[in-house]
Amino acid sequence: MENTQIDTPVMQLTKDDFASDQMVKWCPGCGDHAILHAVENVFPNLGIAKEDFVVVSGIGCSSRFPYYMNTYGIHGIHGRAAALATGVKLANPKLSVWMITGDGDCMAIGGNHFIHTIRRNIDINILLFNNKIYGLTKGQYSPTTPQGSKTKTSPQGTIERPFNPGELVIGSQGNFFARALDTNPKAMTSVFMEAAKHKGTSVVEILQNCVIFFNKAHDLITSKETRDDNQLWLEHGKPLIFGKDRNKGIVLKGTRLEVVTIGENGVTEADILVHDQYEKDPGIHMMIARMMPPEYPVALGVIRSVAAPTFDQSLVDLIEHEKQTSKFKTADDLLQSSPTWTID
Amino acid sequence: MANNNNKVVELEQVVVRFAGDSGDGMQLTGSLFSDSTAFAGNDFATFPDYPAEIRAPQGTVSGVSGFQIHFGRKNVYTSGDLADVLVAMNPASLKANMRWIKPQGLIIIDSDNFNDKWLEKAGYTTDPTTDGSLSGYRVIRTPISSMTKEAVKHLNLDPKTTLKTKNMFALGMVMYMFSREPEVIYQYFEKKFAANPIVVQANKSVLAAGYNYADTMEIVGHVYKVNPAPLSKGKYRNITGNVATAWGFIAAAERAGRPLFLGSYPITPATEILQELSYHKNLGVKAFQAEDEIAGIVSAIGASYTGSLAITTTSGPGLSLKSEAIGLAVMTELPLVIVDVQRGGPSTGLPTKSEQSDLMQALFGRNGEAPVIIVAAQSPTDCFYSAYEAAKLSMEHMTPVILLTDGSLANGSEVFRIPAVADLPEIHPPIAQANDPEYKPYRRDPEKLNRKWAIPGTPGLRHRVGGLEKEDVSGNVSHDPLNHQKMTLLREEKVMRVANYLPEQKVIGPDEAELLVVSWGGTYGVMRTVVEKMQQEGYSIALAHFRHIMPLPRNTEEVLGRYKKIIVCEINNGQFVKYLKMNFPQFKYHQYNKIQGLPFLVAELQEQFEKLLNA
Ligand SMILES: Cc1ncc(C[n+]2csc(CCOP(=O)(O)OP(=O)(O)O)c2C)c(N)n1
Ligand code: SF4
């Protein structure tokens, strides 16, 4: 069951309604271009008036995004996009708020705001461009750079352990987490649609390629040669099956996930774990989000999508309740409230 | 009622100081006494003085909490230099407060606590109340603790609850001494402890016991009366600076027709503004307690972009964290009020003590050229008007405003003549109209140089703002060198032109004199008191107290030029004087600076001014 329904479009908008007249200045071949196109394809189909979109970002290559969209938009300061989006959404919960952020922006400098926004479950859509590197500052390692990678600031290879964004999101009580690839625009579009429909913080991690500073960072997952064995596309209600011959699957063995081959060792399709993106208990979702090559394929699509009260709606409800039950209707009532005394 | 046995002595003004252990409830005692002072019709000002630790070791000097109130039958602008009456609940509070009591002053002590154990904790080797060291004072030894126990024996309370009420015994005694009706306080108990009738009963009994004790023992020999102050007609209340600040914003939002959004993170002494605004969801206030000060201000910027009157509240260390975001608000030319309730610094400094040392940070503490309007509140009640004005200036001129208050204003309280919101100045934010064909994000009003506020959700005004430099008018991202120079100058000029909308700098006293005293912000009360006093004594002296710091009032230079000597007085190491020197280097400035986490005293200021006048 989906947790919300989007109205059918009130007016027919097209991609052109959202294309900005500004020159897009990302490097040719950067994965950001594909993400921009996918967003331009999604916005006209959400049934939301064009003046009700606000695109918010921090700082980084990806965070230039608002300038390239013809919506309301605000480009903030490094790491603080989540706080900016929070203010926009709380000030006017009717707006459709999209936050654009990079792996450095939201998991290094902005880590604190990122986890707290998720914890509060503010109804915004976060598109996390994960190129596993700092692009705008030209190639320093980020909190998602694989251990051992040689970058400008780790000439001998990083000695840090990277974050897995999905783990961080679910660990912060996130209710919506999905993964997409810049190389698969169709799937990306449908994941964005699902994120838009979700009420609450939705985080979509997009594995995005920085052609300049970490080209092929996601090659194991996206290249023709290896992708079949390393991509697992999730579908709600369907078993976790992958591989070129679609004969590999994931089973739950004890407290661990395991990769098996259907037809070997007596494994049948019925043994394969069936994906339930609406399961409230985060346990299995956490395990699915953590899957990484070489042991596992990477789970793509919607990993978790659970309905829960949102902070913005709860605040609206609280204010409504207080307004109704209070005898204060205006600032004068407040100023005049007892104890007061009169001199005449 | 009392006063039958005793003769009544009328006084012009009195300073009472309550002091006890931080667990003794001295702040409550003081504020209840203030309430009764208000009902007695006196003008007053208060000064709470409490330690940074919530419960420092019991009985030690570091754990002493004090509350001073100055009230009178004339207008009162300060919490007073030295106390006429000191209530000391234990030896430590006596020790800590000896320097705040007038010669011949009255000291009421809880004699139950002046035993070896507590004397030793306070660092006394002998009992000062019996060893003659208090011979210059009148000391009333009262067994407050044991009489409190006696007063509530019939209620069978546990010993802890019993002792918690002993502050009410002391309050009862002082209430009696100043001919106050305990009724006001009884009403407070009934409201506050409505769910717990036995606590109401206990507090009432103890207060009454203290009151009657003072009566029957004729402890002072007479009671005092301070007649009502000649306050102008109107409805009044008692208000602290922090509450007044919060209410000023509520009034401004209503008057401007904009929703109020606060993004904030707790920090002493600003927290109470966040708390107060959190209460007022009933008036539609969206108070958001963020994960840190950066999220506080940045969420406010998001709300401002979205059309709210957005504010953030903090103290010095939090203002440091907000610097980068203030720059964003400058660049996006969005309204935003940043309240800085100054405390002693640097770093964590003296968190519960007041200082005026964030002025430089407010003026210059940002990267790039990032001018903002700065308004400094001058009294607890002025916090209301300053907050209102800061909101008005910020919205009408589309630029951030830093509102400087300080710890003594924040916690200090005063009599507040309640204004009608309709009588406050109108506020007209420059909201862009839907589908305005002329709209461009950075097109400016020719007079104010502000841009228009185009609110998300409005058809036809979609636009992008952000921290990158913007092209004049179009608002497109621009790295053009000449455009950057132009925009930098425009942002500066926009703030300077605010002076055209500010009142001229006023002077208390003659237009020309030997000495001009210059001060700003929270020291107004004491400055005014000392200057008026010296004027009455015949000195050639005037006061220019600044409320508008950036921009300065248009006539500032002219005012400074009219006096033979200038002295600038600040609770810091000379920040405003440096700013004046920078702007008006032609004048010679003397300065008086106090950096002790303590307010100015009338006496010390007068001494300085006399010295300068006689030099
Ligand atoms: C306060 C602050 N610190 C540092 C920077 C410099 N900076 C800009 S972008 C960036 C990292 C961006 O990396 P990421 O978020 O991964 O985005 P990408 O450029 O890869 O899209 C850094 C360190 C800044 N702008 N502000
Ligand atoms: S530096 Fe990398 S992330 Fe940035 S635009 Fe170029 S390719 Fe894209």
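This report concerns the structure included in the present document. These numbers come from a predicted model, not from an experiment. (Residues numbered from 1 in each chain as written. Chains lettered and ligands numbered in written order. Predicted model: local features only at pLDDT ≥ 70, side-chain atom pairs only at ≥ 80, totals over all residues. Heavy atoms only, no water.)

1. A short note on the side chain of Thr312 of chain B
All names here are of chain B.
Then, number 1: Looking at the element boundaries, Thr312 is found in strand 12 (residues 309-314).
Then, number 2: Overall, the relative accessible area of 0% leaves Thr312 in the buried class.
Then, number 3: Of the polar contacts made by the side chain of Thr312, one reaches the backbone oxygen of Gly263; its length is 2.7 Å.
Then, number 4: A distance of 2.7 Å separates a polar atom in the side chain of Thr312 from a polar atom in the side chain of Lys322.
Then, number 5: Aside from chain neighbours lying at most four places away, what touches Thr312 is Leu262, Gly263, Ser264, Gly296, Ile297, Lys322, Val337, Ile338 and Val339. (Helix = DSSP H or I, 4+ residues; strand = E, 2+ residues; numbered from the N terminus. Buried < 20%, exposed > 50% of the residue type's maximum accessible area, 1.4 Å probe, protein only. Polar contact = N/O pair within 3.5 Å; in protein donor to acceptor, adjacent residues only side chain to side chain. Contact = heavy atoms within 4.5 Å.)

2. Description of the sheet that holds strand 22 (residues 590-593) of chain B
Residue and element names in this part refer to chain B.
Then, number 1: The strand order across the open sheet formed by 4 strands is 19-18-21-22, and the pairing between neighbours is parallel. At either end of the open sheet lies a strand with only one pairing partner, and these are strand 19 (541-546) and strand 22. When the angles between neighbouring strand axes are averaged without regard to direction, this sheet yields 20°.
Then, number 2: Summarising the sheet, strand 21 (residues 565-570) and strand 22 pair through 4 bridges and their orientation is parallel. The partner of Ile567 across the bridge, within strand 22, is His590.
Then, number 3: Its contacts with the sheet place helix 17 (residues 524-536) against strand 18 (515-520), strand 19 and strand 21, and it is angled at close to 165° to strand 19. (Pairing = 2+ DSSP bridges. Axes fitted to C-alpha atoms, helices over the stretch in contact; angles between N-to-C directions.)

3. Describing the pairing of strand 14 (residues 373-376) of chain B
All names here are of chain B.
Then, number 1: Every second residue of strand 14 is oriented toward a common face, with Ile373 and Val375 on one face and Ile374 and Ala376 on the other, all of them buried.
Then, number 2: Two strands pair when backbone bridges link them, and strand 14 and strand 15 (residues 400-406) are joined in this way by 4 bridges, in the parallel orientation. Within strand 15, the residue paired with Ile374 across the bridge is Ile402.
Then, number 3: Once you follow strand 14 into helix 14 (residues 380-397) and on to strand 15, the crossover reads as right-handed. (Right-handed = clockwise from strand over helix to strand, strands pointing away.)

4. Section: the packing of aromatic side chains
Then, number 1: Tallied over the full model, the rule gives 29 aromatic pairs over all chains.
Then, number 2: Here the aromatic rings of Trp341 of chain A and Tyr236 of chain B are separated by 6.2 Å at their centres, their planes lie at 20°, and the arrangement is stacked. Taken together, the positions of Trp341 of chain A in strand 14 (residues 341-343) and Tyr236 of chain B in strand 9 (residues 234-240) put the pair across two chains. Per residue, the accessibility class of Trp341 of chain A equals that of Tyr236 of chain B, and both read buried. (Phe/Tyr/Trp six-rings, centres within 6.5 Å; stacked < 30°, edge-to-face > 60°.)

5. Structural notes on the packing of helix 1 (residues 26-39) of chain B against helix 7 (residues 183-192) of chain B
All names here are of chain B.
Then, number 1: As a packed pair, helix 1 and helix 7 sit with axes 9 Å apart at the nearest point and diverge in direction by 130°. Between helix 1 and helix 7, the interaxial angle falls into the category oblique. Crossing geometry of helix 1 relative to helix 7 is assigned as right-handed. Contacts between helix 1 and helix 7 involve Leu28, Leu32, Ser36 and Phe39 on the former and, on the latter, Val184, Ile185, Tyr188 and Phe189.
Then, number 2: Grouping the constituent residues of the contact of helix 1 with helix 7 by class yields 7 nonpolar, 1 polar and no charged. (Parallel < 35°, antiparallel > 145°, perpendicular 65-115°, else oblique. Left-handed = near helix turned anticlockwise from the far one by under 90°. Nonpolar A, V, L, I, M, F, W, Y, C, P; charged D, E, K, R; others polar.)

6. Considering the interface of chain B and chain A
Then, number 1: Chain B puts 66 residues into the contact, and the matching count from chain A is 57 residues.
Then, number 2: Both faces combined, the contact of chain B with chain A buries some 5300 Å², and carbon together with sulfur accounts for 64% of it.
Then, number 3: There are 1 salt bridge connecting chain B and chain A.
Then, number 4: Linking Glu291 of chain B and Arg120 of chain A is a salt bridge whose minimum nitrogen-to-oxygen distance equals 2.7 Å.
Then, number 5: On the surface where chain B and chain A come into contact, there are 28 residue pairs in polar contact (both at pLDDT 80 or more).
Then, number 6: Elements that contribute at least two residues to the side of chain B that touches chain A include exactly helix 1, strand 9, helix 9 (241-256), strand 11 (286-289), helix 11 (293-305), helix 12 (316-332), strand 16 (413-417) and strand 17 (464-466) of chain B.
Then, number 7: When residues of the side of chain B that touches chain A are assigned to their parent elements, the largest contribution, 8 residues, is made by helix 11 of chain B.
Then, number 8: Along the lines of polarity and charge, the residues of the side of chain B that touches chain A split into 36 nonpolar, 17 polar and 13 charged.
Then, number 9: Taken together, the 3 bridges between strand 2 (residues 72-75) of chain A and strand 17 of chain B define a ladder with parallel strand orientation. What sits directly across from Ile74 of chain A, in strand 17 of chain B, is Val465 of chain B. (Buried area = accessible area lost by both parts, 1.4 Å probe. Salt bridge = Lys/Arg side-chain N within 4 Å of Asp/Glu carboxyl O.)

7. A short note on the site of ligand 1
Then, number 1: Residues in contact with ligand 1 amount to 17 residues; listed here are only the nearest, Cys61, Asp105, Asn131, Gly135 and Leu136 of chain A.
Then, number 2: Those chains with residues close to ligand 1 are chains A and B.
Then, number 3: Interatomic distance of 3.1 Å between a backbone N/O atom of Ser62 of chain A and an oxygen atom of ligand 1.
Then, number 4: The backbone of Leu136 of chain A places a nitrogen or oxygen atom 3.0 Å from an oxygen atom of ligand 1.
Then, number 5: Protein coverage of the free-state accessible area of ligand 1, which is 590 Å², stands at 77%.
Then, number 6: Elements supplying a minimum of two residues to the shell around ligand 1: helix 3 (103-109) and strand 5 (133-134) of chain A.
Then, number 7: It is helix 3 of chain A that provides the largest number of residues to the shell around ligand 1, a total of 4 residues.
Then, number 8: Split into classes, the residues belonging to the shell around ligand 1 amount to 6 nonpolar, 8 polar and 3 charged. (Near = heavy atom within 4 Å. Areas by Shrake-Rupley, 256 points an atom, 1.4 Å probe, with all protein chains shown as cover.)

8. Some points on the pattern of salt bridges
Here the idea is simple: oppositely charged side chains can pair when their charged atoms come close.
Residues and elements named next belong to chain A.
Then, number 1: Tallied over the full model, the rule gives 33 salt bridges over all chains.
Then, number 2: Residues Asp123 and Lys89 are paired through a salt bridge, measuring 3.9 Å at the closest nitrogen-oxygen approach. Residue Asp123 is found in the loop between helix 4 (111-120) and strand 4 (125-130), and its partner Lys89 is found in helix 2 (residues 81-91); the two are separated by 34 residues along the sequence.
Then, number 3: Residue Asp123 is classed as buried on the basis of its relative accessible area of 11%.
Then, number 4: The class of Lys89 is buried, set by a relative accessible area of 4%.
Then, number 5: For Arg179, the salt bridge goes to Glu205, with nearest N and O atoms at 2.8 Å.

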